[in-house]
Amino acid sequence: MTAWNTSALGRFARREWGPLFWTVRDALARDRWRAVPMTLGAVCLTSVFQIVQNTSWGFQPVQNLGSVKAVDPLWLALLRTPLSLFVPALDLPVWGALAQILLVFGISEICIGWWRTLVIGYVATLAGTTYARIGLALGPDHPLGLPVSDRIVNDTGPSAAVVGLALYVCWRYRAYATGAVVVLVMIGEVLVKNNLAGKEHLAAIAAVMALCVVRAAWGRERSGTSLGGRPPPLDTRPQ
């Protein structure tokens, strides 16, 4: 690789990931695990739910607390949604959910704060839950519709929240190319495996993108302030 290419890649990496990297690195160097208490709590809660739902007595109580299906009454789905993020999907390995929470929730908690992480995560999750009901109403013949069988799919896990948070943090820290990759990967997921989860991820993306547009407009009106505070400075550390 030529020196020019190496330099160009270095400039791109610093521009794309520099502010995000240094924010996370400095927080972990200063506070270590104390920088992500909400994330650690979420990992522990997900682990507990996984252990309990795999016992002979615990499966139904966990489902009653955090299982969401499109066939459920809306009020019940909304009541269960807060805990549904931390109930691992039955058809996926639990380590995947734990890794997603630890990595994406942890970065988000450091970069935008714990309560904003939860709010945006729930916005993304609710967007997916709402889409499921709209898709079923549209029917399988509509491009955005869903088959009737999806009405009983157990819709739990952190994936929609993870996608939404990844996109928001990329926007917040100006990692636009990375954010575009997240969107393209989710589109590819739907093209390869056209299922409820993939389409809910696209609904989560749409909701978070709308939130970013609103925050950008509101930020301009309030002299550049944003949901996570001031826009992060460019990486000016010596290289």
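Residues numbered from 1 in each chain as written. Predicted model: local features only at pLDDT ≥ 70, side-chain atom pairs only at ≥ 80, totals over all residues. Heavy atoms only, no water.

Some points on the overall build of the chain
Along the chain, the regular secondary structure elements total nine helices and zero strands. Listed N to C, the secondary structure of the chain is α-α-α-α-α-α-α-α-α in terms of helices and strands. In the chain, which comprises 239 residues, the share counted as buried stands at 41%. In the structure as shown, the chain presents an accessible area of about 13,100 Å², 69% of it carried by carbon and sulfur atoms. (Helix = DSSP H or I, 4+ residues; strand = E, 2+ residues; numbered from the N terminus. Buried < 20%, exposed > 50% of the residue type's maximum accessible area, 1.4 Å probe, protein only. Areas by Shrake-Rupley, 256 points an atom, 1.4 Å probe, with all protein chains shown as cover.)

So, the confidence of the model for the chain
Summarising the model, the chain shows a mean pLDDT of 89, and 89% of its residues fall at 70 or more. Taken together, the stretch residues 224–230 has pLDDT below 50 and engages in 16 contacts with residues farther than four places along the chain or on a different chain. (pLDDT = per-residue confidence, 0-100. Contact = heavy atoms within 4.5 Å.)

Considering unusual backbone geometry
Residue Arg32 is not a glycine yet carries a positive backbone phi of 50°. Turning to its location among the elements, Arg32 is positioned in the loop between helix 1 (3–31) and helix 2 (37–53). Positioned with a positive phi, Arg174 is a non-glycine residue whose angle comes to about 60°. Within the secondary structure layout, Arg174 lies in the loop between helix 7 (159–172) and helix 8 (176–192). Its relative accessible area of 31% is what places Arg174 among the partly exposed residues.

Brief notes about the pattern of salt bridges
Where side chains of opposite charge bring their charged atoms close, a pairing between them can arise. What the rule picks out here adds up to three salt bridges. The shortest N-O distance in the salt bridge between Arg30 and Asp31 comes to 3.3 Å. By relative accessible area, Arg30 is classed as exposed at 55%. The salt bridge partner of Asp72 is Arg80, with a shortest N-O separation of 3.7 Å. When sorted by exposure, Asp72 lands in the same class as Arg80, which is buried. (Salt bridge = Lys/Arg side-chain N within 4 Å of Asp/Glu carboxyl O.)

Here we look at the environment of Ala197
Tracing the sequence through the fold places Ala197 in helix 9 (residues 196–221). Spatially, the C-alpha atoms of Ala197 and Asp155 are 7.9 Å apart, while their sequence positions differ by 42 residues.

Focus: the packing of aromatic side chains
Applying the stated rule across the entire model yields three aromatic pairs. A centroid spacing of 5.1 Å and a plane angle of 75° characterise the contact between Phe21 and Trp22, whose relative ring orientation is edge-to-face. Overall, the relative accessible area of 46% leaves Phe21 in the partly exposed class. Ring geometry for Tyr168 versus Trp171: centroids 5.4 Å apart, planes at 55°, classification tilted. (Phe/Tyr/Trp six-rings, centres within 6.5 Å; stacked < 30°, edge-to-face > 60°.)

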